[in-house]
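Structure assessment
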Amino acid sequence: MHEYSVASAIVDQVKAIIEEHKATQVKKIIVSASPYDVIIPELLIEAYGIITAELDKFKNSTLEMQISKAEISCLECDYKGEPAEEGDPEFAYNFICPKCESRDTHINMKNLTIETVDLVIPDN
Amino acid sequence: MSPEKKVVVKKLAYQVNDELADKIREVMKSKNKLFFNMMGSIGSGKTLILERLAAKLSSKYRVFVINGDVATTIDADRIAKQGATTVQINTGGGCHLSAKLIQNELDKINIDDYDIFIAENVGNLICPAAWDIGAQLNITVVSITEGEYVVKKHPIIFKSAEIAIINKCDLDGLGFNSDVLAEDAAKIKSGMKVILTSAKTGQGIDELITALGIEY
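Residues numbered from 1 in each chain as written. Chains lettered and ligands numbered in written order. Predicted model: local features only at pLDDT ≥ 70, side-chain atom pairs only at ≥ 80, totals over all residues. Heavy atoms only, no water.

**Here's the deal with the overall build of chain B**
Regarding its fold elements, chain B presents eight helices and eight strands. For 216 residues, the compact-globule estimate of 2.2 N^0.38 gives 17 Å, and the C-alpha radius of gyration of chain B, at 18 Å, lies within 12% of that figure. A burial count over chain B gives 53% of its 216 residues as buried. A fraction of 74% describes how many contacts in chain B between residues 6 or more apart in sequence connect residues 24 or more apart. Approximately 9400 Å² of chain B is accessible, and the part contributed by carbon and sulfur atoms is 52%. Across chain B, the mean location of the 26 positive side-chain charges is 4 Å away from that of the 27 negative side-chain charges. (Helix = DSSP H or I, 4+ residues; strand = E, 2+ residues; numbered from the N terminus. Rg over C-alpha atoms; globule rule 2.2 N^0.38 Å. Buried < 20%, exposed > 50% of the residue type's maximum accessible area, 1.4 Å probe, protein only. Contact = heavy atoms within 4.5 Å. Areas by Shrake-Rupley, 256 points an atom, 1.4 Å probe, with all protein chains shown as cover. Lys, Arg positive; Asp, Glu negative; His and termini not counted. Charge placed at Lys NZ, Arg CZ, Asp CG, Glu CD.)

Dropping the structure here:
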C-alpha cells in the first residue's frame, strides 16, 4: 500500500506551506490524479487520516482527490495529450495515439498533484 | 475569527522524492558510477541474480548493494558472501525504497570507494514502480513459476523498467513457459530489453552484464 508513502509526501509538502504562510491550521487539501496514477483514493484518504491524527495543525482537515485527464506521449509522432481510447484490450496501460494511431506510447502515471491548500492565517 | 486563505500549490506529490532522485543520478553520472534498481516480485530470484552478479563483477569492480526488505538482513548477508559490500534497509511496513532511503545510505559511505551500485527493491510488483530512487536503469524481475499472465497483470512495473528479466528458465518445459512472458514483456514497452535467465544455473547472467553496459 504505497498510498501511505504518498500521503506522507503530501503532508510533508503541506507542512512547508504552513510554515511559509505562518498558518495555524489546515482546513482542506485538494489533490488531483489521473485514473492511471496507481492511487486508490479511499486508501490515500485513509492514510492521510492516520498520518495527521496526531498533528495539531491538521486537526479536522480533509483531503479531497479530483480526477484529472490521462496524458500520453507518443514515441512515434511526439503527440502529448489524452489517449484516443481506453487501454489496449490485451495490455492495460498501453494506449493509442489519436494523432498517428501508433501503439508505441508512454502513459504518464505520476500526475498526482497538490492543487490547493486551504489555510487559517492568524490576524496580525 | 481568523481569515482563511486558499493557496494554489500545483506541485507534484512526488516532487521532493524525484528532485532528490535526479540529484543522486547527477552525482553518480558526474563520478562515472553505475547505479541500477532491481525490482520484482517476492521469490522471483532477485537476490540469487545479485549473488551471481556480485560473484562475477567483484573481482574487477567494487560493488555496493543496497537491499530493501521489510525485515531481516538475510539478503544482504547472502550477497556479501559473493564479494560485494552490502547494506540492508529494513523498511518496516514500507513496500518500496525511495530516494531518501538511498541517499541516507550513500551519506554513510564514500561514493568514490565503489564503482557499481545496485539496489534490490522491496519485493512487490506495484509500489516500487512509482518511486524513483535515482538509478540510471530500472530492472524488473519475474519468474516463470509465477504464471503465464504475470506480465500482463502487472504492466506498471514493466513500463517503469528498461530491462525485463524472466528468471527460473531452467524450469522451462516442466509445466512452465518462458516464451509467453518474454513476448508480453517485449510488447508492453517499446525498446524493452528482455533477458531470459536462470540464476540457479547462471544462464543469461553474462547477457545481463552486457545489457547493463558493464565491461567484463
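Let us keep going from here.
**Some details on the pairing of strand β6 (residues 113-120) of chain A**
Buried residues dominate β6 of chain A, accounting for eight of its eight residues. Two strands pair when backbone bridges link them, and strand β1 (residues 25-33) of chain A and β6 of chain A are joined in this way by seven bridges, in the antiparallel orientation. What sits directly across from Lys28 of chain A, in β6 of chain A, is Asp118 of chain A. Summarising the sheet, β6 of chain A and strand β1 (residues 4-12) of chain B pair through seven bridges and their orientation is antiparallel. By the bridge assignment for β1 of chain B, Thr113 of chain A is matched with Leu12 of chain B. (Pairing = 2+ DSSP bridges.)

**Examining the interface of chain A and chain B**
Listed as interface residues are 36 residues of chain A and, on the opposing side, 33 residues of chain B. Summed over both sides, the interface of chain A with chain B buries roughly 3100 Å², with 59% coming from carbon and sulfur. For Asp18 of chain B, the salt bridge identified is with Lys110 of chain A, shortest N-O distance 3.1 Å. The tally of links between chain A and chain B comes to 19 residue pairs in polar contact (both at pLDDT 80 or more). Within the residue set of the side of chain A that touches chain B, elements represented by two or more residues are α1 (3-21), β5 (105-107) and β6 of chain A. (Buried area = accessible area lost by both parts, 1.4 Å probe. Salt bridge = Lys/Arg side-chain N within 4 Å of Asp/Glu carboxyl O. Polar contact = N/O pair within 3.5 Å; in protein donor to acceptor, adjacent residues only side chain to side chain.)

**Focus: the domain arrangement of chain A**
The domains assigned to chain A are domain 1 (1-69 + 109-124) and domain 2 (71-107). Computed from C-alpha coordinates alone, the two centres of domain 1 of chain A and domain 2 of chain A are separated by 30 Å. (Domains from an automatic or database assignment.)

**Description of the packing of α1 of chain A against helix α2 (residues 41-52) of chain A**
Residue and element names in this part refer to chain A. At a minimum axis separation of 8 Å, α1 and α2 run at an interaxial angle of 55°. Classified by the angle between their axes, α1 and α2 sit oblique to one another. Handedness of the α1/α2 crossing: right-handed. Touching Glu3, Tyr4, Val6, Ala7, Ser8, Ile10 and Val11 of α1 are Leu43, Leu44, Ala47, Tyr48, Ile50, Ile51 and Thr52, all from α2. A class-by-class count of the residues in the contact of α1 with α2 yields eleven nonpolar, two polar and one charged. (Axes fitted to C-alpha atoms, helices over the stretch in contact; angles between N-to-C directions. Parallel < 35°, antiparallel > 145°, perpendicular 65-115°, else oblique. Left-handed = near helix turned anticlockwise from the far one by under 90°. Nonpolar A, V, L, I, M, F, W, Y, C, P; charged D, E, K, R; others polar.)

**Some details on unusual backbone geometry**
Residue and element names in this part refer to chain A. For Asn60, which is not a glycine, the phi torsion comes out positive at approximately 65°. Tracing the chain through its elements places Asn60 in the loop between α2 and β2 (62-67). One non-glycine residue, Asp78, lies in the positive phi region at around 70°. If you trace the backbone, Asp78 turns up in the loop between β3 (72-74) and β4 (80-81). The class of Asp78 is exposed, set by a relative accessible area of 67%.

**What about the environment of Leu44 of chain A?**
All names here are of chain A. Tracing the backbone through its elements, the reader meets Leu44 in helix α2. Overall, Leu44 belongs to the buried group, its relative accessible area being 0%. Taking the C-alpha atoms as reference, Leu44 lies 22 Å from Ala92; in sequence the two are 48 residues apart. Excluding anything up to four places from it in sequence, Leu44 contacts Glu3, Val6, Ala7, Ile10, Val31, Ile39, Leu63 and Met65.

**A short note on the pattern of salt bridges**
Residue and element names in this part refer to chain B. Applying the stated criterion across every chain yields a total of 16 salt bridges over all chains. Across the salt bridge formed by Arg25 and Asp132, the nearest N and O atoms sit 2.7 Å from each other. Of this pair, Arg25 sits in helix α1 (residues 15-30) while Asp132 sits in the loop between β5 (116-120) and β6 (137-143), and the two are 107 residues apart along the sequence. For Arg78, the salt bridge identified is with Glu51, shortest N-O distance 2.6 Å. Of this pair, Arg78 sits in helix α3 (residues 74-80) while Glu51 sits in helix α2 (residues 46-57), and the two are 27 residues apart along the sequence. The network of salt bridges with common partners includes Asp22, Arg25 and Asp132.

**Considering the sheet that holds strand β3 (residues 63-69) of chain B**
All names here are of chain B. The parallel open sheet is built from seven strands, whose spatial order is β4-β3-β5-β2-β6-β7-β8. Because the sheet does not close on itself, it has two edges, and the strands there are β4 (85-90) and β8 (193-196). With strand direction ignored, the average angle separating the axes of adjacent strands in the sheet is 20°. One ladder, built from five bridges, connects strand β2 (residues 34-40) with β6; its direction is parallel. Looking at the pairing, Met38 lines up with Ile139 of β6.

**Comments concerning the side chain of Asn167 of chain B**
Residues and elements named next belong to chain B. Relative to the assigned elements, Asn167 resides in strand β7 (residues 163-167). From its side chain, Asn167 meets the backbone oxygen of Ser44 in a polar contact 2.9 Å long. Ignoring any residue separated from it by four or fewer positions in sequence, one finds Asn167 in contact with Ser44, Gly45, Ile49, Val141, Val142, Ser143, Ile144, Thr197, Ser198 and Ala199.

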